[in-house]
Amino acid sequence: MSTTLSSRFCINYKRCSANTSRGATRVVAIARSQALRNRTQLRSIQPQHIRRASAERRNVGVSASTAPEDTVDDELARPNSAQMVRNIMEISPAGTLATVTEDGWPLGTYMPFVLNSNADPILKLRSSAIHTKNLMADPRCSLYVRTEFGARASLIGRVVTLDQSEESAALIAAFAERHGQDYGIDALAEDDTYCRLEVESIFYVAGLGMEKVPETVEASAYSVAEVDAICSVAQSLVHWMNAERSDELKRCAAVFAGLDDVVSAKLLWVDSVGCDMRAILKSGAPREVRLPFARPVIDERDARSALTMLGQLAWELERNYQPATPEPVQQKEK
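Let me sum up the structure you'll find in this document. Going along each chain's sequence as written, the residues are numbered from 1 onward. Thresholds applied to this predicted model are a pLDDT of at least 70 for local features of residues and 80 or more for the giving and counting of side-chain atom pairs; totals over whole chains, interfaces and linings are not thresholded and use all residues. Excluding hydrogens and water, the side-chain values take into account all heavy atoms of the structure.

**Quick look at the overall build of the chain**
The test is simple: Only DSSP runs of H or I covering at least 4 residues are called helices, and only runs of E covering at least 2 are called strands; the numbering of each starts at the N terminus. Each residue is placed in one exposure class: buried if its accessible area under a 1.4 Å probe, protein chains only, is under 20% of its type's maximum, exposed if it is over 50%, and partly exposed if it falls in between. Residue contacts are defined here by distance: any two heavy atoms, one from each residue, within 4.5 Å place the two residues in contact.
When its secondary structure is counted, the chain shows 10 helices and 10 strands. The buried share of the chain, reckoned over its 334 residues, is 45%. Summarising the internal contacts of the chain: among those between residues at least 6 apart in sequence, 65% fall at separations of at least 24.

Below, the structure written as structure tokens:
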């Protein structure tokens, strides 16, 4: 970026000062003060070793090899595992259903789904499908779902046929709205049976951060976990950043993680409290980077602003830029 946030606010401030409206000048001044506070917050929330590595790179010029080994802090704020599984299920339209055949062998088949209010998957079973026959004999199964960034979860439990309640009718209608365009063997049919997967346990692998250790998530924690505020637009934000802001991602990885040999960087995931990216070094080794936001974001516009601010701050830190505070323009009394 060739123009800093502070300089853009200076330009706007001067333009506004030419206006005789005191109210307009005050609005711009307040906006500029908020931007400076955001920058200060962004600087302050960086873990100490990231701040130290960034300062060393600017002032001493040390290489990445001299930076602390734990430059990437994986304990930065992020949704917990139950919340992440909830997010995965919210953004995924389908998964792989594993059932037990009559001779005891596991069988995996494609399975679209929707979620009820407790986040239990609602499944459509075709009358002639093998997995339907398997479930009629043994209701035990698991539903495996995987995301673009590598996080995956297997929801383990038993299927129960939906009753004739209004809630069930609403869930069937929701399924038709989401999957009504499916065709072939996946097309809706009058003799389809709809079931609910009663989740008993969840096998989860995060796919983000330095440690990707499998863990078990309690079904009770999953059922009450809230969907992240920007979950529905997270993937579009990831695609936008990777397509249009790849240079900023590379700069963020280099500056905030203290790495001097970053070849490329890719955004993996974004949530209301931060984002995850993967940097590729000259050696070919990947490095995981978690960057927190100055404050939780509440919608897509807010998230775009936070991501842009991270890129701007990285640009300023890379150049050791110190924004100046302009003096307010005094208004002449009429």
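**Some details on the pairing of strand β3 (residues 121-125)**
To keep it simple, the criterion reads: For two strands to pair, DSSP has to find at least two bridges joining them.
The element β3 is extensively covered by neighbouring structure, given that 5 of its 5 residues are classed as buried. Taking every second residue as pointing to the same face, both faces of β3 are buried, with Pro121, Leu123 and Leu125 on one and Ile122 and Lys124 on the other. Bridging between strand β2 (residues 106-115) and β3 involves 3 bridges; their strand directions are antiparallel. Bridge pairing in β3 links Val114 to Ile122. The antiparallel pairing of β2 with β3 creates a hairpin that spans 5 residues between the two strands, and Ala119 there sits at a positive phi of about 70°. In this sheet, strand β6 (residues 193-205) lies alongside β3 in antiparallel orientation, the contact comprising 4 bridges. Bridge assignment links Leu123 to a residue of β6, and that residue is Cys195.

**Digging into the pairing of strand β9 (residues 274-281)**
Burial of β9 is extensive: 6 of the 8 residues sit out of reach of the surface. Linkage of β9 to strand β10 (residues 286-292), two consecutive antiparallel strands, is achieved through a turn of 4 residues, within which Gly284 is found at a positive phi near 95°.

**Some words on the sheet that holds β10**
By way of backbone hydrogen bonds, the strands of a sheet pair with one another, either parallel or antiparallel. Formally: An axis is simply a line fitted to the C-alpha atoms; with a helix, the fit covers only the stretch in contact. Between two such axes, the angle follows the N-to-C directions and lies from 0 to 180 degrees.
What the 3 strands build is an open sheet, ordered β8-β9-β10; its pairing is antiparallel. Strands with a single pairing partner mark the edges of an open sheet, and in this sheet they are β8 (262-271) and β10. Between one strand axis and the next, the sheet turns through 25° on average, direction left out of account. In terms of strand pairing, β8 meets β9 through 8 bridges, oriented antiparallel. Among the inter-strand pairings, Ala265 is bridged to a residue of β9, identified as Ala279.

**A look at the pattern of salt bridges**
Going by this rule: Within this document, salt bridges are pairs made up of a side-chain nitrogen of Lys or Arg and a carboxyl oxygen of Asp or Glu, the two lying within 4 Å of each other.
In this structure the tally under the stated criterion is 16 salt bridges. For Arg78, the salt bridge is made with Asp276, and the minimal N-O distance between the two is 2.9 Å. Here the residue Arg78 occupies a position in the loop between α3 (48-59) and α4 (81-91), and Asp276 occupies one in strand β9, the gap between them amounting to 198 residues. Note on Arg78: relative accessible area 26%, which makes it partly exposed. The residue Glu200 makes a salt bridge to Arg158 at a minimum N-O spacing of 2.7 Å. A residue pair is termed long-range when its members are at least 10 positions apart, and Glu200 in strand β6 and Arg158 in strand β5 (residues 152-161) qualify at 42 residues.

**Section: the environment of Met309**
Looking at where Met309 falls in the secondary structure, it is placed in helix α10 (residues 300-318). For Met309, a relative accessible area of 13% puts it in the buried group. C-alpha of Met309 to C-alpha of Phe293: the two residues are 16 residues apart in sequence and 9.0 Å apart in space.

**Some points on the environment of Lys266**
Tracing the backbone shows Lys266 in strand β8. Remark: the alpha-carbon pair of Lys266 and Asp247, spanning 19 residues in sequence, is separated by 9.8 Å. Ignoring anything within four residues of it in the chain, the contact list for Lys266 reads Asn242, Leu249, Asp276, Met277 and Arg278.

**Topic: the state of the cysteines**
Filter applied, for reference: The definition used for a disulfide is geometric: two cysteine sulfur atoms within 2.5 Å.
Under the counting rule described, the total for this entry stands at 0 disulfides. Free cysteine: Cys195, not disulfide-bonded; nearest cysteine sulfur from Cys141 at 8.9 Å. Owing to a relative accessible area of 1%, Cys195 belongs among the buried residues under this scheme. With no disulfide of its own, Cys252 lies closest to Cys275 among cysteine sulfurs, the gap being 7.3 Å.

**Examining the packing of aromatic side chains**
The cut-off we apply is this: Pairing of aromatic rings covers Phe, Tyr and the six-membered ring of Trp, with a centre-to-centre limit of 6.5 Å; geometry is then stacked below 30 degrees between planes, edge-to-face above 60, and tilted otherwise. Counted as over-ring charges are cases with an Arg CZ or a Lys NZ within 6 Å of the ring centre that also lie within 35 degrees of the ring normal.
Applying the stated rule across the entire model yields 3 aromatic pairs. A ring pair is formed by Phe149 and Trp269, whose centres lie 5.0 Å apart and whose planes are at 45°; its orientation type is tilted. Taken together, the residues Phe149 in the loop between β4 (140-146) and β5 and Trp269 in strand β8 connect sequence positions 120 residues apart. Taking the relative accessible area as the measure of exposure, Trp269 reaches 2% and is therefore buried. Seen from the ring of Trp240, Arg304 lies directly overhead, with NZ or CZ sitting 4.3 Å from the centre.

**What to know about the packing of helix α9 (residues 246-256) against α10**
For any two helices packed against each other, the geometry comes down to the angle between their axes and how far apart the axes lie. Definition in use: By definition in this entry, angles of less than 35 degrees are roughly parallel, angles greater than 145 are roughly antiparallel, angles of 65 to 115 are roughly perpendicular, and the rest are oblique. Each crossing is labelled by how the near helix is turned from the far one, with a counterclockwise turn of less than a right angle marking it left-handed and a clockwise turn marking it right-handed. In this classification, the charged set is Asp, Glu, Lys and Arg, the nonpolar set is Ala, Val, Leu, Ile, Met, Phe, Trp, Tyr, Cys and Pro, and all remaining amino acids, among them Gly, are polar.
Two elements in contact, α9 and α10, have axes whose closest approach is 9 Å; the angle formed by their N-to-C orientations is 55°. One finds that α9 runs oblique with respect to α10. For the crossing formed where α9 meets α10, the hand is left-handed. For the pair formed by α9 and α10, the contact residues are Glu248, Arg251, Cys252, Val255 and Phe256 on the first element and Leu310, Gly311, Leu313, Ala314, Trp315, Leu317 and Glu318 on the second. Each residue belonging to the contact of α9 with α10 can be placed in one class, and the counts come to 8 nonpolar, 1 polar and 3 charged.

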